[in-house]
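Results of the structural survey
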Amino acid sequence: MNGLSRQLNVIDYSLSSLWRRRFKSVSVMVVFAAVIFLLASFQMTTKALTQTASRLLVMAPEITIQKMRAGRQEPIPVAYREKLAGIFGIRRITPRVWGYYFNETHAANLTVIGVDPRLMPLGEKLAAAIDTGRLPGDHEVVLGQGAEELLGENRMISLFRPDLSLKPLTVVGRFRPATDLLTYDTLFLPPDDARDLFSLPPELATDLCVTVANPSEVDTIAKKIAALLPGTRVLTRSQIEKTYHAVFGWRSGFASVCLLTALTSFIIFAWDKASGLTPEERREIGILKIVGWQTADVILLRFWEGVIVALLSFVAGYTLAYIHVAFFDAGLFRPIMLGWSVLHPRLRLSPGVEVGDVLLVLCLTVVPYLAATVVPAWRAAIIRADSALN
Amino acid sequence: MTALIELSNVDKTYNQGQVNEVRALKGINLEIAAGSMVCLQGSSGSGKSTLLAIIGCVFPPTSGRAAIAGKQLSRLPDRFLTLHRRASIGFIFQRFNLLPELTVQDNITLPLMPLGVGPRERRERAARLMERLGIGHRAGFPARQISGGELQRVAIARALINDPPIILADEPTAHLDHALSLAFMEIMGELHRDGKTIILTSHDQLITGHPAVERLIGLNDGMLHVP
Ligand SMILES: Nc1ncnc2c1ncn2[C@@H]1O[C@H](COP(=O)(O)OP(=O)(O)OP(=O)(O)O)[C@@H](O)[C@H]1O
Ligand SMILES: [Mg+2]
C-alpha cells in the first residue's frame, strides 16, 4: 500500500469537498483572513514603529534641562549655563528654542525647532537627515515633509509672529521621509529666528541640551545639575525612552488584547463549526467508513481541509497586511499606535518581513485553528461504519 | 466446496449491560460455500441486517467464532476489520448510500481512495464498470441528478470497484419498482455466474423466489430456522 498516494487521494478528496461546500469554506476563510490581516498588520506596524522610534531616539540629547514653575514648563535663562560650568564631564550646553506654530489655514500645529546646528550634539546626523538642500543659516528654514505640504513648496514662506506681523523665511532644504516620526511636521531654523518668531527675548531659551563626555556618567551629572539648579526638571535620554516605551507599550498592549479577543472568538467559532456535525456530514462519514475509510483517513481528511483553509487564509491575510502597512501606511492602526495629534505624522513604514515574525503569526493563528478543527474531528471520525447500514 | 463463510455459536448483543440491551443474534451456526448465492429471510427485527454486518466485517460478533474468507475476525479491532472488509466485501445498501453531491464516477471510486489508487487507475477502473453496467454516459453527473435505476447501478459499481469475492446486499429492492428489481436480480445472477459469492436479505417474493437464488436461510428472533 502506497502511503504517499493515499495521502494525495485524501488531499484530492479534501479539495473537492471544500469546493462542494464552497460558500461555507469561503465564509470561514474570509473571517480567518481578516483576523490574520489584523494580527499581521499590527505586528508589522509595531515593529516598524519601534524600529523607527529607536533610530530617532538616538538623536535625542543625553540630558535636557527644563525650567519649571507651578508644574509647567517656562523659558529657561541661557545664563544658567554659567552655573553649570563647574560640573566636570559636561562637554557642551546648547540652548534650544522650540514651540508650536498654529497654521490657521489648515487648523494644524507645526513644530518649530530653533537650534544652532553647529552646536548640536549630533549635528552631522541632522545634516544627514536632510534629503535635499542644506542646514539653515540666518533667516532660512528646513521643512519636514508634512510642513512642506501644508505651506506649499515655495522658496519663501511667511509666518505670523504673536503680534500678527509677518516673518519671512527662505526654504533651503527638506528632511528625509525616513525620519518622519520626528520631523514630519517640523520647521527647523536658527535659534535667533525662532526667538524672533515666538517673540522670546535673547537671554531666554525653551530648554538646554547637555552633551556629556562619558555616557556612563549621564545619571551622576544629571543629579548634580538638578542639585545646582533648583526649580528645573532634568531629563535623561533613557528616561524619555522609558516614558515613550511605557506609553507605546500601553497602547500596543491594549491593541493586542483586542486582537487576541478577536482571535479567540474566531477559534471558538471554528471549533463550533467543526464539532457541530450536520446530519449530511454524519451520513457522509458513515458512508466513507463503510466503504473502507479508516478513522485515521477521516481525521486526515479533516486535517487537510483545515490546512488548506488555514494556509489560503494566511497567505491572503498576510499579503493584505503587508500591502496595508507598506502602501497604506497602516491606516487602520494609526490612531491607536500614534495617538491623535492634529497633524498625523504620515510615516513611511517599511515593514521588514522576517521569518521569525511570519512564524509567530502562523503559530498564533494557524496552529490554534488546526487544533480547533482537527480535535473535534476525532468525534466525527469515530462515527461507526454501521451507522450507514440503516 | 470449501466454506467461505463460517459462523459458529455467533451471538450479537447491542448495548451490552445497559437497560436497552438487545440480543439480536443468538447462537448462529452457519456455513456459506464460495460462489453460492443465498438469501436471508425473516421478519422485521429478526436480525438479518445484524448477521449481514457480521459477515460484512462491519463489527465482530459479541461471542462465538466468525471466519470470513479465511480470516478469523472475532474480536478483531475496528482497524483490522476495515482492512479485511475493503479487501473482501462489496456492500450494496437498501438506500444505496451514495453521496448526492459527488459525481457518479467519484462515488464509484470512493473505496479506492484510502487504498492509494492513483487518479488515472481510478478513472479507468470506474470507466470499465460503468460501461459494463450501462451508465458510462452518466460518469460526470452528480448522483442527485440521476434516476433510481441508474443510482442502483452506481451502488453496484461501487461495491464491485475493488473486485471483492463477496457481495452483500441488504434489502436491495425495497425501494425499487418491479422492473428495476428484476434488473437488479439480473445483474446479481450475472455476478454469480462470474463466481462471486452473493448474500442478499429480503422479504420480497421476487428475490426469495428468484431462480438464481440457490439457498434460503430463515431467521427468527435472532435464531436460524429452516423455512
Ligand atoms: N445499533 C443498534 N442498537 C441497538 N439495537 C439494535 C441496533 N441495530 C439493530 N438493533 C436491534 O436488533 C434487532 C435486530 O435488528 P436487525 O436490524 O438486524 O433486524 P432486521 O432483520 O434487519 O430487521 P428489518 O427487516 O426491519 O431491517 C432488532 O430488535 C433491532 O431493534
Ligand atoms: Mg434490516
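Residues numbered from 1 in each chain as written. Chains lettered and ligands numbered in written order. Predicted model: local features only at pLDDT ≥ 70, side-chain atom pairs only at ≥ 80, totals over all residues. Heavy atoms only, no water.

1. Digging into the site of ligand 1
Residue and element names in this part refer to chain B. Using the following cut-off: We define proximity as follows: a residue is near a molecule or strand when any one of its heavy atoms falls within 4 Å of that partner. Throughout this description, a polar contact denotes any pair of N or O atoms lying within 3.5 Å of each other; where both atoms belong to protein, one of them has to be capable of donating a hydrogen while the other can accept it, and for residues adjacent in sequence the pair is counted only when both atoms sit in side chains. Areas reported here follow the Shrake-Rupley algorithm with a probe of radius 1.4 Å; residue values treat only the protein chains shown as occluding. Every helix listed is a DSSP run of H or I at least four residues long, and every strand listed is a run of E at least two residues long, numbered separately from the N terminus. The residue classification treats Ala, Val, Leu, Ile, Met, Phe, Trp, Tyr, Cys and Pro as nonpolar and Asp, Glu, Lys and Arg as charged. All others, Gly included, are polar.
By nearness alone, 13 residues border ligand 1, and Ser-44, Gly-45, Lys-48, Ser-49 and Thr-50 come closest of all. Here an oxygen atom of ligand 1 sits 3.3 Å away from a polar atom, N or O, in the main chain of Ser-46. Gly-47 places a polar main-chain atom, nitrogen or oxygen, 3.0 Å from an oxygen atom of ligand 1. Here ligand 1, which alone exposes 620 Å², has 65% of that area covered by the protein. Every element with two or more residues in the shell around ligand 1 is listed here: strand S2 (22–33) and helix H1 (48–55). The greatest single-element share of the shell around ligand 1, amounting to 3 residues, is contributed by H1. Here the shell around ligand 1 is built from residues that sort into 3 nonpolar, 8 polar and 2 charged.

2. Quick look at the pattern of salt bridges
Residue and element names in this part refer to chain A. As a reminder of what qualifies: Put simply, a salt bridge is a Lys or Arg side-chain nitrogen that is within 4 Å of an Asp or Glu carboxyl oxygen. Residue exposure (1.4 Å probe, protein chains only): buried if accessible area is under 20% of the type maximum, exposed if over 50%, otherwise partly exposed.
Scanning the model with the defined rule gives 22 salt bridges over all chains in all. Between Asp-297 and Arg-6 there is a salt bridge, and its shortest N-O distance comes to 2.7 Å. Linking Asp-297 in helix H11 (residues 295–327) with Arg-6 in helix H1 (residues 3–20), this pair joins segments that are 291 residues apart in sequence. Residues Glu-74 and Arg-69 are paired through a salt bridge, measuring 2.8 Å at the closest nitrogen-oxygen approach. A relative accessible area of 54% means that Arg-69 is categorised as exposed. Each member of the salt-bridge network shares a partner with another, and the members are Arg-161, Lys-167, Asp-193 and Asp-196.

3. Regarding a nonpolar patch on the surface
Note the threshold: Surface patches are defined over residues having more than 30% relative accessible area and no salt bridge, joining like charges when they lie within 9 Å and nonpolar side chains (Val, Leu, Ile, Met, Phe, Trp, Tyr) when within 5 Å.
A surface patch of nonpolar side chains, about 530 Å² in accessible area, is lined by Leu320(A), Tyr322(A), Ile323(A), Phe327(A) and Phe328(A). Following the sequence through the fold, Phe328(A) ends up in the loop between H11 and helix H12 (334–338).

4. Concerning the interface of chain A and chain B
Keep this limit in mind: Contact between two residues is taken to exist if any of their heavy atoms lie within 4.5 Å; hydrogens are not considered. Accessible area that two parts lose when put together, with a 1.4 Å probe and added across both, is what the buried area reports.
Facing the 25 residues of chain A at the interface are 28 residues of chain B. Taken together, the two surfaces of chain A and chain B that pack against each other cover about 2,400 Å², and 59% of this comes from carbon and sulfur. Here Arg122(B) ties to Asp12(A) by a salt bridge, and the two come within 3.0 Å at their closest N and O atoms. Where the side of chain A that touches chain B is concerned, the elements lending two or more residues are H1, helix H10 (279–290) and H11 of chain A. Split into classes, the residues belonging to the side of chain A that touches chain B amount to 10 nonpolar, 6 polar and 9 charged.

5. What to know about helix H6 (residues 178–193) of chain B
Stated formally: How far a helix is expected to stretch is found by multiplying one less than its residue total by 1.5 Å.
Over its 16 residues, H6(B) runs 23 Å from end to end, which matches the ideal 22 Å to within 8%, given 1.5 Å per residue. Turning to H6(B), its buried residues number three or more, namely Ser181(B), Phe184(B), Met185(B), Ile187(B), Met188(B), Gly189(B), Leu191(B) and His192(B).

6. Focus on the environment of Lys83(A)
Residues and elements named next belong to chain A. Along the chain, Lys-83 falls in helix H3 (residues 80–83). When the C-alpha positions of Lys-83 and Glu-148 are compared, they lie 40 Å apart, and in sequence the two are 65 residues distant. Setting aside chain neighbours within four positions, we find Lys-83 in contact with Leu-228 and Leu-229.

7. Observations regarding the sheet that holds strand S1 (residues 3–14) of chain B
Residue and element names in this part refer to chain B. Quick reminder of the rule: Pairing between strands is defined by DSSP: at least two bridges between them are needed. What counts as an axis is a line fitted to C-alpha atoms, over the stretch in contact for a helix, and the angles between N-to-C directions run from 0 to 180 degrees.
Strands sit in the order S2-S1-S4-S5 across an open sheet of 4 strands; the sheet is antiparallel. Each end of this open sheet is capped by a strand with a single partner; those strands are S2 and strand S5 (71–72). Pairing of S1 with strand S4 (residues 63–68), which is carried by 5 bridges, proceeds in the antiparallel orientation. The partner of Ile-5 across the bridge, within S4, is Ile-68. In this fold H1 packs onto S1, S2 and S4, with an angle of close to 125° to the strand it touches most, S1.

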